[in-house]
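Architecture and fold: a report
For reference, the chains in residue letters:
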Amino acid sequence: MASLQMNKLPWWGQLLVFTVLGVAVVGAYYYLYEWPQRETLNARKTELAGIEARIAQGLETARKLPEFRAQVGDLEARLDGLRAILPEEKDVADLLRRIQTMASQSSLTIRQFMPKAIATKDLHAEWPIGLELEGTYHNVGQFLDRVSKFPRIINVGGISMITNATPTPAATVRVTCTAMTFVLLEKANQPGTASAAPAK
């Protein structure tokens, strides 16, 4: 029936109908198939670009891995160096006994030995010990020399020296000072790491 009606149309009418039908078919193909496929393809391209970027980042990281390992080795070497000059907490009691020993070897009498408040930093703790010593100028010089040559870091500051009230040949001066030692914390910023007072 439709074909008979088409035959009744003039040639230009038939051409117009076929053109409209062709455009409708092409439009339906584009909107129902081509457009969704292009959207899917664009999404896949975006995903592929992201994967390629991650692969490139991974390759760059792999390329720098020897450099990172070298940096880790340098940091470990520096940490070992710090351990050589900074005692760990378990070594503090022994270190304080050594301070007492150096004072005794310098013929100084320890009148007071007063551990002070501990200051905790990121990687270490500062352990100050107040000292009151009695001896001679020469004895004090020997003590400071021994401390300066000690392999672990001990800073002696706040030195105050006065003439002994009752001087004797072995005790002409009385010295007050603070011996500051630094302790390497095994776990930085852990509560209670350096809360205990150093042993006497």
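I will try to describe carefully the structure that is included in this document.

With that settled, consider the side chain of Glu-132. Counting through the fold element by element, Glu-132 comes out in strand 3 (residues 124–135). Among the residues examined, Glu-132 registers a relative accessible area of 13% and is labelled buried. Not counting chain neighbours up to four residues away, the residues in contact with Glu-132 comprise Thr-109, Ile-110, Arg-111, Gln-112, Arg-174, Val-175 and Thr-176.

Attention now goes to the side chain of Asn-139. The topology assignment puts Asn-139 in helix 4 (residues 137–149). Judged by relative accessible area, which is 8%, Asn-139 ranks as buried. If near-sequence neighbours (up to four positions away) are discounted, Asn-139 is found in contact with Ser-106, Ser-107, Leu-108 and Ala-170.

Taken as a whole and assessed by the stated rule, the structure comprises 6 salt bridges. Between Glu-134 and Arg-111 there is a salt bridge, with its nearest N and O atoms 2.5 Å apart. You can see Glu-134 sitting in strand 3 and its partner Arg-111 sitting in strand 1 (residues 109–115), a full 23 residues away along the chain. A salt bridge links Lys-149 to Asp-145, with the nearest nitrogen and oxygen atoms 3.2 Å apart. With Lys-149 and Asp-145 both in helix 4 and 4 residues apart, this pair spans about one turn of that helix. A relative accessible area of 36% places Asp-145 in the partly exposed class.

Take helix 4 next. Across its 13 residues, helix 4 extends 19 Å between first and last C-alpha, which sits within 8% of the 18 Å expected from 1.5 Å per residue. Within the sequence span of helix 4, burial applies to Asn-139, Val-140, Phe-143 and Val-147. The buried residues of helix 4 all sit within an arc of 100° when viewed along its axis, so they share a single face. Exposed and oriented more than 90 degrees from the buried face of helix 4 are Tyr-137, His-138, Ser-148 and Lys-149.

Among the nonpolar cores identified, the biggest contains 19 residues, and Ile-99, Met-102, Leu-131, Phe-143 and Ile-154 are the most heavily contacted of them. Elements supplying a minimum of two residues to this core: helix 3 (92–105), strand 3, helix 4 and strand 5 (171–184). For this core, the leading source of residues is helix 3, giving 5 residues. Among all residues touching Met-102, those that are not within four sequence positions of it are Phe-143, Arg-146, Val-147, Phe-150 and Ile-154.

Calculation notes
Residues numbered from 1 in each chain as written. Predicted model: local features only at pLDDT ≥ 70, side-chain atom pairs only at ≥ 80, totals over all residues. Heavy atoms only, no water. Helix = DSSP H or I, 4+ residues; strand = E, 2+ residues; numbered from the N terminus. Buried < 20%, exposed > 50% of the residue type's maximum accessible area, 1.4 Å probe, protein only. Contact = heavy atoms within 4.5 Å. Salt bridge = Lys/Arg side-chain N within 4 Å of Asp/Glu carboxyl O. Expected span 1.5 Å × (residues − 1). Arc of directions from axis to C-beta. Core = buried A, V, L, I, M, F, W, Y, C linked by side-chain atoms within 4.5 Å.

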